[in-house]
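# Observations on chain architecture
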Amino acid sequence: MDFVSLYYFSELAKDLNMTKTATRLYISQQTLSNHIQRLESYYNAPLFDRKPALRLTSAGEFVLAFAQDVARGENDLKDILADINQQERGILRIGASTARGNQFLPHILPAFFQRYPKVECRFVASLSVEQERMVANGSLDLGIVLPGDYGSELIAQELLQDRVYFCAADSLLRAYYSEAELSAIKEKAVTGIQVKDISRVPFSMMSNRLGRQVHDLFLRDGITPTVYFTCPTSTQAIPLCIKGLTACFCTHMALADSLAILGDQVNIFPLVDKETPIIQTLSLIRYRQRYLPHYLKYFIELLSKFSENQETLHISRIISDTAAQTDGISAAPQGNTMS
């Protein structure tokens, strides 16, 4: 068995483009083509249909599944041997959205690298559905994902109940509500606010799953929200919220890292739906038969501890009538790292 040819075959199956794969692997197209022909000769079956566009044949699909099993087995073998030899080296490949990577990794990696300085961490920014596929085929060791119907070959471990909040500058609320109305909103917001209670203000609305979830709450209540700005994540929405141009919705994790820049004039109200908190559940997925080397177990341990710590922290802020005091606020300490 030619493992190099099998590797090149797997890489071509990702792109289905000879030029792109050869360029990415720093080899010539002829070299890549020779490796594919070598495998087709070995298995006595065509692995790709060439026309009208490159795609896997039925035989190619089976060979790809075998190649992925071989790659996973080789990674496991390297990790097992490294543990036996106490080398404490390897490669950790983790996937998450860009925003969640920014929220988790800076708090975890300092302690991780202190214990395992010879382990390289490779981060892949991707959506949950892409991470499921990559964990299943061995391209990722771990994925931080939203809820989904994950296959039996994967293990899903709940990480965090990430609560959702409504954020708006006091000046924005005062522009759309009378003093009496605003006082009533703030009194109610101690336990949680519904979208219908704050529907008059303009919003920055996210185009991700959370944005769609909040938008559906408005539509269910027969409300068409005024949207000034649409963006991928709360990272783009928060600056407009600070300036009092729009209100926005953020998760607990996003707020914990943003309190330092929010200033002291932004109200932070827990968002509820008929008294039920709006929550995004985050899970950690991994391949069920993946061997867990010491460094991977430690990374999961750090990730779990950090998530548990986040769930115990409460974030809320109600600007007082004098706009000089804040009530009921506690937040994650900046730069907190577990060890």
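Sequence order as written defines residue numbering, which begins from 1 separately in each chain. Note on the predicted model: pLDDT of at least 70 is required for a residue's local features to be given, and 80 or more for side-chain atom pairs to be given and counted; whole-chain, interface and lining totals, by contrast, use all residues. Side-chain metrics in this entry use all non-hydrogen atoms of the structure; hydrogen atoms and water are not considered.

## Side note on the packing of helix 1 (residues 3–15) against helix 3 (residues 29–43)
- Convention adopted: a line fitted to C-alpha atoms gives each axis, helices being fitted over their contacting stretch, and angles between N-to-C directions are expressed from 0 to 180 degrees. Only runs of H or I of at least four residues qualify as helices and only runs of E of at least two qualify as strands under DSSP, and these elements are numbered from the N terminus. Where helix 1 meets helix 3, the closest approach of the two axes is 9 Å, and the angle between their N-to-C directions is 110°. On the basis of the axis angle, helix 1 is roughly perpendicular to helix 3. Contacts between helix 1 and helix 3 involve Val4, Ser5, Leu6, Tyr8, Phe9 and Leu12 from the first element and Leu32, His35, Ile36, Arg38, Leu39 and Tyr43 from the second.
- In terms of residue class, the contact of helix 1 with helix 3 is made up of nine nonpolar, two polar and one charged. Note on terminology: angles under 35 degrees are roughly parallel, angles over 145 are roughly antiparallel, angles of 65 to 115 are roughly perpendicular, and the others are oblique. Residue contacts are counted whenever heavy atoms from the two residues lie within 4.5 Å of one another. Under the scheme applied here, ten amino acids are nonpolar (Ala, Val, Leu, Ile, Met, Phe, Trp, Tyr, Cys and Pro), four are charged (Asp, Glu, Lys and Arg), and all others, including Gly, are polar.

## As for helix 5 (residues 98–115)
- Under the 1.5 Å per step criterion, the end-to-end length of helix 5 is 25 Å for 18 residues, consistent within 8% with the ideal 26 Å.
- Of all the bends in helix 5, the largest measures some 45° and sits at Leu105, one to four residues before the proline Pro106.
- Exposure classes here rest on a 1.4 Å probe applied to the protein chains alone. A residue is buried below 20% of its type maximum, exposed above 50%, and partly exposed in between. Within the sequence span of helix 5, burial applies to Arg100, Gly101, Gln103, Phe104, Leu105, His107, Ile108, Leu109, Ala111 and Phe112. Any helix carries an expected span of 1.5 Å times its number of residues minus one. For a residue, the bend is simply the angle between two axes, fitted respectively to the seven-residue segment ending there and the seven-residue segment starting there.

## Some remarks on the pairing of strand 3 (residues 89–96)
- Direction of pairing for strand 3 relative to strand 4 (residues 118–125): parallel, over a ladder of eight bridges. Bridge assignment links Ile91 to a residue of strand 4, and that residue is Glu120.
- At this point the chain moves from strand 3, through helix 5, to the parallel strand 4, and the crossover so formed is right-handed.
- A pair of strands is treated as paired once DSSP finds two or more bridges between them. Bridge analysis of strand 3 against strand 5 (residues 142–145) gives two bridges, and the strand direction is parallel. Across the sheet, Ile94 pairs through a bridge with Leu142, a residue of strand 5. With the strands aimed away from the viewer, a crossover counts as right-handed if its path from the first strand over the helix to the second runs clockwise.

## Details of the packing of helix 5 against helix 13 (residues 294–311)
- Orientation of helix 5 relative to helix 13, taken along the N-to-C sense of each, is 140°, at an axis distance of 10 Å. Taken together, the axis directions place helix 5 and helix 13 in an arrangement best described as oblique. As for how helix 5 packs across helix 13, the hand of that crossing is right-handed. Contacts between helix 5 and helix 13 involve Gln103, Phe104, Leu105, His107, Ile108, Leu109, Ala111, Phe112 and Arg115 from the former and Tyr295, Tyr298, Phe299, Leu302, Leu303, Phe306 and Ser307 from the latter.
- Of the residues assigned to the contact of helix 5 with helix 13, the class counts are twelve nonpolar, three polar and one charged. Each crossing gets its hand from how the near helix is turned against the far one by less than a right angle, where anticlockwise is left-handed and clockwise is right-handed.

Spatial relationships are all this shows, so hold off on functional conclusions.
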